[in-house]
Structure formats: structure tokens, C-alpha cells
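Topology and contacts: notes
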Amino acid sequence: MSVAKKDYKRITTKSLIEMKSNGEKISMLTAYDYTMAKIVDTAGVDVILVGDSASNVMAGHETTLPITLDQMIYHASSVVRAVDRALVVVDLPFGSYQSDPKEALRSSIRIMKESGGHAVKLEGGKEIKESIKKILNAGIPVMGHLGLTPQSIYKFGTYSVRAKEDQEAEKLIEDAKLLEKIGCFAIVLEKIPADLAKKVAESISIPVIGIGAGGGVDGQVLVIHDMLGMNNEFSPRFLRRYLNLYQEMTGAIGQYVADIKSSDFPNSNEQY
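A few points on the structure. (Residues numbered from 1 in each chain as written. Predicted model: local features only at pLDDT ≥ 70, side-chain atom pairs only at ≥ 80, totals over all residues. Heavy atoms only, no water.)

1. Brief notes about the pattern of salt bridges
Counted only if it meets this: One speaks of a salt bridge when a side-chain nitrogen belonging to Lys or Arg is within 4 Å of a carboxyl oxygen belonging to Asp or Glu. Secondary structure follows DSSP: runs of H or I at least 4 residues long count as helices, runs of E at least 2 residues long count as strands, and numbering of each begins at the N terminus. The buried label applies to any residue whose accessible area, calculated with a 1.4 Å probe on protein chains only, is under 20% of its type's maximum; exposed applies above 50%, and partly exposed to all values in between.
Here the structure, examined in full by the defined rule, presents 12 salt bridges. Ionic pairing is found between K38 and D84, a salt bridge with its closest N-O pair at 3.9 Å. Of the two residues, K38 is situated in helix α2 (residues 34-42) and D84 in the loop between α4 (69-80) and β3 (87-91); the sequence distance between them amounts to 46 residues. Of the charged contacts in the structure, one is a salt bridge between E202 and K198, with a shortest N-O distance of 2.6 Å. One end of the pair, E202, and the other, K198, are both in helix α9 (residues 194-203), 4 residues apart, so they sit about a helical turn from each other. Residue classification places K198 among the partly exposed residues on the basis of a relative accessible area of 38%. Counted as one network, the salt bridges with shared partners bring together D70, R110 and E114.

Structure, rendered in C-alpha cells:
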């Protein structure tokens, strides 16, 4: 029997847990600037992630590692100003929480105070437990992130699927249960086998958001530049392109250039 969808005027961490318990899937997309965030929020997305993927899609870096805390606060501030309904989750960037729990708390406080974000996201399980507890004790909501953790790319040496072996799969399940126990309100699972992701989602009461983790979880997240087809060089199996904006935009800009060269733009109706 299906449950009627509740109309949330504002999404909170509590809303997401209710959605899971009611069997309603959670939608999540990235945004990094005011204009895009306004569109995403108006379209009804539940959670906006200000991801450290801004390092890739906004700044052109090869990895997520170079982006700084100041830059993340800038992007998050731009997003928060646009949002009326969605929950805004902000990634803690590499180097802002790994050194010690006090540093993790300082970084999280800066994000919350200076950007107005609603929660932070950290990559890792047992190894960052004390940092997560410190942040939660300050009243800051935390979303976990397990599986493929891009900030550890040089440790893994590859962006391939994680937790295919039994030992790593068992650790991932243990880490997910630990994150729930210490108080995380949700977990992102990235690029792991679908059966494992489903098992994790069924074993904990907090929402599990997947990216490349199959359909057996409680919601999905994609990078908006990938989902809209603005980035035509990235084609993992888990990506569904809903538009081909790269083609649309290059076509439109090319036409603009041609209209200027031919003196077609501006015409008599487009001047004073």
C-alpha cells in the first residue's frame, strides 16, 4: 500500500528520516551558485549538496583535493541565498577535518556561521568517528559518506567500484551502523555494488542516498553538471543525462557569434 506524499514546505533532517520511514524516495542534486540553486530548489529537489565536486566542475581541477574551506563557504553562501525549501548540505573539504576533531569542529562552525548551510558532510567511517562526534555535540547535523570517497583518491589510486571484496563490504556495513549510532542523519553511498547498498539501507533507520549504488537505497544524488549534460566528457554507468546542455549551449553561443558577424544582432527592435 503506497503512502501519500507529504507536502514539505521546508525540508529538514527530520523530514528526510520521515521520508524514509514512509517509503518516499529522496532527491538530491549539487549546486554551487545562486542561479543554479534557485532553479534546483524551485524544481522541488529535497536536498542540495554544495559538493567539493566544485573543485572539478567549477574550477577545473583533476580532483576534489585543491578546493579550500574559504571557497566552499563562498559557494555555500551563494546557494543558501537562493533556497526556500531544500535542505542545504555542505561538504567539508579535504584538509579541514582530518587532522583532529577540534579542527573538524572549527571548520564546521565556520561553514554554519558564514554560509548559513544546514548541515555538513564528511567522508569516512570509524577513522573519523571522534571528529563527527565533536561536530554533533556542537549541534551541527552531519551527513556521512562511505564507499568511494574521492578525497582519498591517492590512497585508492582509482575511481573504480568499492567494497566488492567481503572484507571491505563488512567494514562498510559496520561503518554505516556506527555513523547511525553516533548520530548522523543520513549517509551517502558512492559507487558500491547495488546489493550491498540495499543491504546497508535496510540495516539502518537513517536515509541512505546513493550515487552509483543502485535503486535499493532511499534516494539518489548526481552532480548537476553531469545530469544536465553540461560535462560531455564524463560518462559513468550510473549517470543518466536528462539534457544535453553542452550541445544546446554551444549551438546557441555559436549562433550568437554568427549573428554578430553577419550584423544580424542587434536588429532594429533590439536597440534604443
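2. Digging into the side chain of T63
Which entries qualify depends on this criterion: Polar contact is defined as a pair of N or O atoms within 3.5 Å, subject to the rule that within protein one atom must be able to donate a hydrogen and the other to accept it, and that residues adjacent in sequence are counted only when both atoms are side-chain atoms.
Within the secondary structure, T63 sits in the loop between α3 (54-57) and α4. Reaching out from T63, the side chain makes a polar contact with the backbone nitrogen of L65 at a distance of 3.2 Å.

3. Some remarks on the environment of R110
The cut-off we apply is this: Contact definition: two residues touch when any of their heavy atoms are within 4.5 Å.
Within the secondary structure layout, R110 lies in helix α5 (residues 101-115). Counting along the chain gives 37 residues from R110 to I73, while the straight-line C-alpha distance between them is 7.9 Å. The contacts of R110, once residues within four sequence positions are left out, are L69, D70, I73 and S115. Only 2.7 Å separates the side chain of R110 from the side chain of D70, close enough to count as a polar contact.

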